[in-house]
Amino acid sequence: MTFEKILPSIKNGEKAVRTGWEGTELFVILQQEGKFEGDVLNPYFLIKTEDEAYSMWSPTDCDILADDWELVK
């Protein structure tokens, strides 16, 4: 699946991963708008890996153009 097709699912709270990733990547999620010390936090992507906690994530050109995205159940 392409990033454009999977993005609505990510926006709805589902987890996604690229099957072409050859590492410890488990999934990507969208952290919805929130608050920090009274200020608004804009939505942002997080990635979860086997060996780390969640980290901020930004898709690369390769991620955006890839067609190997799938939802994680």
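Residues numbered from 1 in each chain as written. Predicted model: local features only at pLDDT ≥ 70, side-chain atom pairs only at ≥ 80, totals over all residues. Heavy atoms only, no water.

**Observations concerning the pairing of strand S5 (residues 44-49)**
- Sheet topology places strand S2 (residues 25-31) next to S5; 6 bridges connect them, and they run antiparallel. Within the sheet, the bridge partner assigned to Leu-30 lies in S5 and is Phe-45.
- As paired strands, S5 and strand S6 (residues 55-57) are joined by 3 bridges and run antiparallel to one another. Within S6, the residue paired with Ile-47 across the bridge is Ser-55. (Pairing = 2+ DSSP bridges. Helix = DSSP H or I, 4+ residues; strand = E, 2+ residues; numbered from the N terminus.)

**Points about the nonpolar core**
- Of all hydrophobic cores here, the largest spans 13 residues; its most connected members are Phe-3, Ile-10, Trp-21, Val-28, Phe-45, Trp-57 and Trp-69.
- Among the secondary structure elements, those contributing two or more residues to this core are helix H1 (3-11), strand S1 (15-18), S2 and S5.
- Discounting residues that sit within four places of it in the chain, Trp-57 has contacts with Phe-3, Trp-21, Val-28, Phe-45, Leu-46, Ile-47, Asp-63 and Trp-69. (Core = buried A, V, L, I, M, F, W, Y, C linked by side-chain atoms within 4.5 Å. Buried < 20%, exposed > 50% of the residue type's maximum accessible area, 1.4 Å probe, protein only. Contact = heavy atoms within 4.5 Å.)

**Re the packing of aromatic side chains**
- One pass over the structure, following the stated rule, counts 7 aromatic pairs.
- Pairing Trp-21 with Trp-69 gives two aromatic rings, centres 5.5 Å apart and planes at 75°, and the pair type is edge-to-face. In this pair, Trp-21 sits in the loop between S1 and S2 while Trp-69 sits in strand S7 (residues 69-72), placing the two residues 48 residues apart along the sequence.
- Residue Trp-69 is classed as buried on the basis of its relative accessible area of 3%.
- Aromatic side chains Trp-57 and Trp-69 sit 6.0 Å apart centroid to centroid with 70° between the ring planes, which places their arrangement in the edge-to-face category. Taken as a pair, Trp-57 in strand S6 and Trp-69 in strand S7 lie far apart in primary sequence, 12 residues in all. Each member of the pair Trp-57 and Trp-69 is classed as buried.
- Among the aromatic side chains, those forming a connected cluster through ring pairs are Phe-3, Trp-21, Phe-45, Trp-57 and Trp-69.
- For the cation-ring pair, Lys-15 lies above Phe-27, with the distance from its terminal atom to the ring centre recorded as 4.5 Å.
- Its guanidinium or amino end placed over the ring of Tyr-54, Lys-48 lies 5.9 Å from that ring's centre, counting from NZ or CZ. (Phe/Tyr/Trp six-rings, centres within 6.5 Å; stacked < 30°, edge-to-face > 60°. Lys NZ or Arg CZ within 6 Å of the ring centre and 35° of its normal.)

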